[in-house]
Amino acid sequence: MSSIKFQFDFKRVTPKPMVLVLLCHVLAALTAPAQDRLVFAVDVIRHGDRTPLSNLFREDRTNWPEGFGRMTALGTNQEFALGSRMQNLYYRGLFDSNTAATSICAFSTDTDRTRKSARLFLSGLVGDAAQSIPVHTNVPVDISAGFSDGSAISTGMLLNPDVTPNIQTIQSNFVLRSPEWIATNTALQPQFARWSQAVNRRINRLQDLIGLGDSLYIHQIHHVPTPEGLSPEDVEAIIAAGR
């Protein structure tokens, strides 16, 4: 086992201001076994399965009884199961119910689905002891303050990319001007007018497919009908472009 372990679980990546905000919460475990001492571990994970972020297609709300942008029952089970799996794979023996509160620092973006995901993940990880672990939503967070052995970390800051200076400039320089982005935009341009009519939503550039692709993807995995004017091939192309 190495001295520092990073576990990343990214569900999807999209080139927009939220692209860097793929973490729901960060977990740091400081207690360690006697051999090959693990002094710091970070897990970056996404929220559980959710409904579409908004009603793009003006559909019957009964399709999404939880509401828009909310975690589903499947997402609830996913997060608890992930916490349990992480406990079995990585953290068994590192802490117990008496030490969990001083050994774990959790961070979440400030939305209902991510806060719930953090809570469910911690419940799967440490059981009832999760109730004593605060979930921080303010950034940056000084994680060294949350541990009994502060000297092991010195100072550590968790930064939220949503508040990163010049994020729009960075996106423009390294994403929107990339050859791959430009080539994809050019290849799909002939479809924009037809797709706009089918979804009753103006599509002028590749960026306009990000939210649309996300909504279509959620409809697809939940077996909810998509707009009639889009063929299965159209849906797949928009989802792929949105990613």
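Our subject is the structure listed above.
All figures in this text were calculated on a predicted structure; none of them were measured in a lab. (Residues numbered from 1 in each chain as written. Predicted model: local features only at pLDDT ≥ 70, side-chain atom pairs only at ≥ 80, totals over all residues. Heavy atoms only, no water.)

Engineer: Could you clarify how one ought to interpret unusual backbone geometry in this entry?
Structural biologist: Of all residues except glycine, most have a negative phi; of all peptide bonds, most are trans. Notably, Arg58 is not glycine yet its phi reads approximately 50 degrees, a positive angle. Position of Arg58 among the secondary structure elements: in the loop between strand E3 (40-45) and helix H1 (73-91). A relative accessible area of 68% places Arg58 in the exposed class. The phi dihedral of His223 falls on the positive side, at around 55 degrees, and the residue is not glycine. Residue placement: His223 occurs in the loop between helix H7 (209-221) and helix H8 (232-242). (Helix = DSSP H or I, 4+ residues; strand = E, 2+ residues; numbered from the N terminus. Buried < 20%, exposed > 50% of the residue type's maximum accessible area, 1.4 Å probe, protein only.)

Engineer: When you look at the packing of aromatic side chains in this model, what are you seeing that I'm missing?
Structural biologist: Geometrically, a pair of aromatic rings is defined through the distance of the ring centres and the angle of the planes. Enumeration over the complete set of coordinates arrives at one aromatic pair. Measuring from ring centre to ring centre gives 6.5 Å for Phe192 and Trp195, while their planes differ by 45 degrees; the resulting arrangement is tilted. Separated by three residues within a single helix, Phe192 and Trp195 lie in helix H6 (residues 192-199), roughly one turn from each other. The class of Trp195 is buried, set by a relative accessible area of 2%. (Phe/Tyr/Trp six-rings, centres within 6.5 Å; stacked < 30°, edge-to-face > 60°.)

Engineer: Would you mind going over H6 with me for this structure?
Structural biologist: In an α-helix, one turn spans 3.6 residues, which is why side chains three or four residues apart end up on the same side. Buried residues of H6: Phe192, Trp195, Ser196 and Val199, and no others. All buried residues of H6 project into a common sector of 105 degrees when viewed along the axis, lining one side. Turned more than 90 degrees away from the buried face of H6, the exposed residues are Ala193 and Gln197. Tucked into the core, H6 has its buried residues touching helix H5 (179-188), H7 and H8. Within two residues after H6, Asn200 carries a phi angle of roughly 55 degrees, on the positive side. (Arc of directions from axis to C-beta. Contact = heavy atoms within 4.5 Å.)

Engineer: In this structure, what is going on with the pattern of salt bridges? I would like to understand it.
Structural biologist: Side chains that differ in sign of charge can pair as their charged atoms come close. All chains considered together, the criterion is met by six salt bridges. For Asp110, the salt bridge is made with Arg115, and the minimal N-O distance between the two is 2.6 Å. Judged by relative accessible area, which is 54%, Asp110 ranks as exposed. Between Asp234 and Arg194 there is a salt bridge, with its nearest N and O atoms 2.9 Å apart. One end of the pair, Asp234, is in helix H8; the other, Arg194, is in helix H6, with 40 residues separating them in the sequence. Put simply, Arg70, Asp112 and Lys116 are held in one network by salt bridges that share partners. (Salt bridge = Lys/Arg side-chain N within 4 Å of Asp/Glu carboxyl O.)

Distances and angles like these do not, on their own, reveal function.
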